[in-house]
Amino acid sequence: MNKARRADAIDAGLEALQRLSESFAVRREQLASSAGLTEAQWRVLEEISSEHFMPSMFARSRDCSPAAVSKTIRQLIDRDLIRVSIGTRDARQREYGLSGSGRRVMRGLRARRQDAIDTIWADLDPEDLEVFTRISGNLADRLERYAATRKSKQKAK
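Conventions and cut-offs
- Residues numbered from 1 in each chain as written.
- Predicted model: local features only at pLDDT ≥ 70, side-chain atom pairs only at ≥ 80, totals over all residues.
- Heavy atoms only, no water.
- 1 Å grid on protein atoms, 1.4 Å probe; cavity = no way out; pocket = protein on both sides within 12 Å on 5 of 7 lines; lining within 4 Å.
- Points joined across faces, edges and corners; volume = space filled by probe spheres on them.
- Helix = DSSP H or I, 4+ residues; strand = E, 2+ residues; numbered from the N terminus.
- Nonpolar A, V, L, I, M, F, W, Y, C, P; charged D, E, K, R; others polar.
- Core = buried A, V, L, I, M, F, W, Y, C linked by side-chain atoms within 4.5 Å.
- Buried < 20%, exposed > 50% of the residue type's maximum accessible area, 1.4 Å probe, protein only.
- Contact = heavy atoms within 4.5 Å.
- Patch = residues over 30% accessible without salt bridge, like charges linked within 9 Å, V, L, I, M, F, W, Y side chains within 5 Å.
- Areas by Shrake-Rupley, 256 points an atom, 1.4 Å probe, with all protein chains shown as cover.
- Salt bridge = Lys/Arg side-chain N within 4 Å of Asp/Glu carboxyl O.
- Lys, Arg positive; Asp, Glu negative; His and termini not counted.
- Charge placed at Lys NZ, Arg CZ, Asp CG, Glu CD.
- Phe/Tyr/Trp six-rings, centres within 6.5 Å; stacked < 30°, edge-to-face > 60°.
- Lys NZ or Arg CZ within 6 Å of the ring centre and 35° of its normal.
- Axes fitted to C-alpha atoms, helices over the stretch in contact; angles between N-to-C directions.
- Parallel < 35°, antiparallel > 145°, perpendicular 65-115°, else oblique.

### A look at the layout of surface pockets
(1) Moving on: For the largest pocket, the calculated volume is near 1200 Å³.
(2) Moving on: Lining the largest pocket we find 30 residues, and of these Leu17, Leu20, Trp121, Phe132 and Ser136 sit closest to its centre.
(3) Moving on: Ranked by residues supplied to the lining of the largest pocket, first place goes to helix α1 (residues 3-34) with 14 residues.
(4) Moving on: Grouping the amino acids of the lining of the largest pocket by side-chain chemistry returns 20 nonpolar, 4 polar and 6 charged.

### Quick word on the nonpolar core
(1) Moving on: Membership of the largest hydrophobic core comes to 21 residues, with the highest contact counts inside it found for Leu37, Leu45, Phe53 and Leu109.
(2) Moving on: When residues of this core are traced back to their parent elements, those giving at least two are α1, α2 (39-49), α3 (55-62), α4 (66-78), β2 (94-98) and α5 (100-121).
(3) Moving on: The element contributing the most residues to this core is α2, with 4 residues.
(4) Moving on: Dropping the residues within four chain positions of it, Phe53 is found in contact with Val44, Glu47, Ile48, Phe58, Val69, Ile73 and Tyr96.

### Focus: a negative patch on the surface
(1) Moving on: Together, Asp125, Glu127, Asp128 and Glu130 make up a region of like negative charge exposed at the surface.
(2) Moving on: Accessibility expressed as a relative area gives 37% for Asp125, which makes it partly exposed.

### Digging into α2
(1) Moving on: All of the buried residues along α2 are Glu39, Gln41, Trp42, Val44, Leu45 and Ile48.
(2) Moving on: Here the buried face of α2 lies against α1, α3, α4, β1 (82-86), β2 and α5.

### Remarks on the packing of aromatic side chains
(1) Moving on: Using the criterion set out here, one finds 1 aromatic pair in the structure.
(2) Moving on: Here the basic side chain of Arg28 rests over the ring of Trp42, its NZ or CZ set 4.1 Å away from the ring centre.

### Notes on a nonpolar patch on the surface
(1) Moving on: Together, Leu17, Leu20, Ile120, Trp121, Leu124, Val131, Phe132, Ile135 and Leu139 give the surface a local cluster of nonpolar side chains, amounting to about 760 Å² of exposed area.
(2) Moving on: With respect to the helices and strands, the residue Ile120 is situated in helix α5.

### Topic: the packing of α2 against α4
(1) Moving on: Across the interface, α2 lies against α4 with an axial gap of 10 Å and an inter-helix angle of 80°. By the angle between their axes, α2 is roughly perpendicular relative to α4. Facing Ala40, Gln41, Val44 and Leu45 of α2, the residues of α4 in contact are Thr72, Ile73, Gln75 and Leu76.
(2) Moving on: Considering only residue class, the contact of α2 with α4 consists of 5 nonpolar, 3 polar and no charged.

### Looking at the packing of α2 against α5
(1) Moving on: Orientation of α2 relative to α5, taken along the N-to-C sense of each, is 105°, at an axis distance of 11 Å. Regarding the angle of α2 to α5, the classification is roughly perpendicular. Facing α2, whose interface residues are Trp42, Leu45, Glu46 and Ser49, α5 presents Val105, Met106, Leu109, Arg110 and Arg113.
(2) Moving on: Across the contact of α2 with α5, the residue classes break down as 5 nonpolar, 1 polar and 3 charged.

### Section: the pattern of salt bridges
(1) Moving on: As enumerated under the stated definition, the model contains 4 salt bridges in all.
(2) Moving on: Residue Arg28 is joined to Glu46 by a salt bridge in which the shortest nitrogen-to-oxygen separation is 3.4 Å. With Arg28 in helix α1 and Glu46 in helix α2, this pair connects stretches of sequence that are 18 residues apart.
(3) Moving on: Note on Arg28: relative accessible area 12%, which makes it buried.
(4) Moving on: A salt bridge links Glu39 to Arg43, with the nearest nitrogen and oxygen atoms 3.2 Å apart. Pair noted here: Glu39 and Arg43 are both in helix α2, with a separation of 4 residues, about one helical turn.
(5) Moving on: When its relative accessible area of 28% is taken as the criterion, Arg43 is described as partly exposed.
(6) Moving on: Within the structure, one salt-bridge network assembled from shared partners comprises Arg28, Glu39, Arg43 and Glu46.

No statement about biological role is implied by the geometric values presented.
Structure (structure tokens):
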């Protein structure tokens, strides 16, 4: 492939990826909104439902402030979607879990998400899915490595 065609192919790939990324973000916002949540609240509920939630680790992994995570937790407590208790092994730790209402909200979100997956993904060609998975995984790895090198270079300055 000559240089001009390659540049055009890269531009088309970037445009398609941008559309996909924006469409995915819009859909996540729609799903969260359908449950009366913000996307940040949904992310915290998802993480708490995994039963290994630690606010400080969540904040680091999402590159957000611990204060923002604490605020979201307070909002979810106020809406009776999560319960917080003193740790059984260490009283300095807090344990987080979904309340009955929180479990119902998550079931509804998961059902609506699964409906979208079934509608959008189910009839895609299996070979196309394998290629998509391989390429998108490769791109994600490359983007993560690139971002990490840029972050370390910025810290060095």
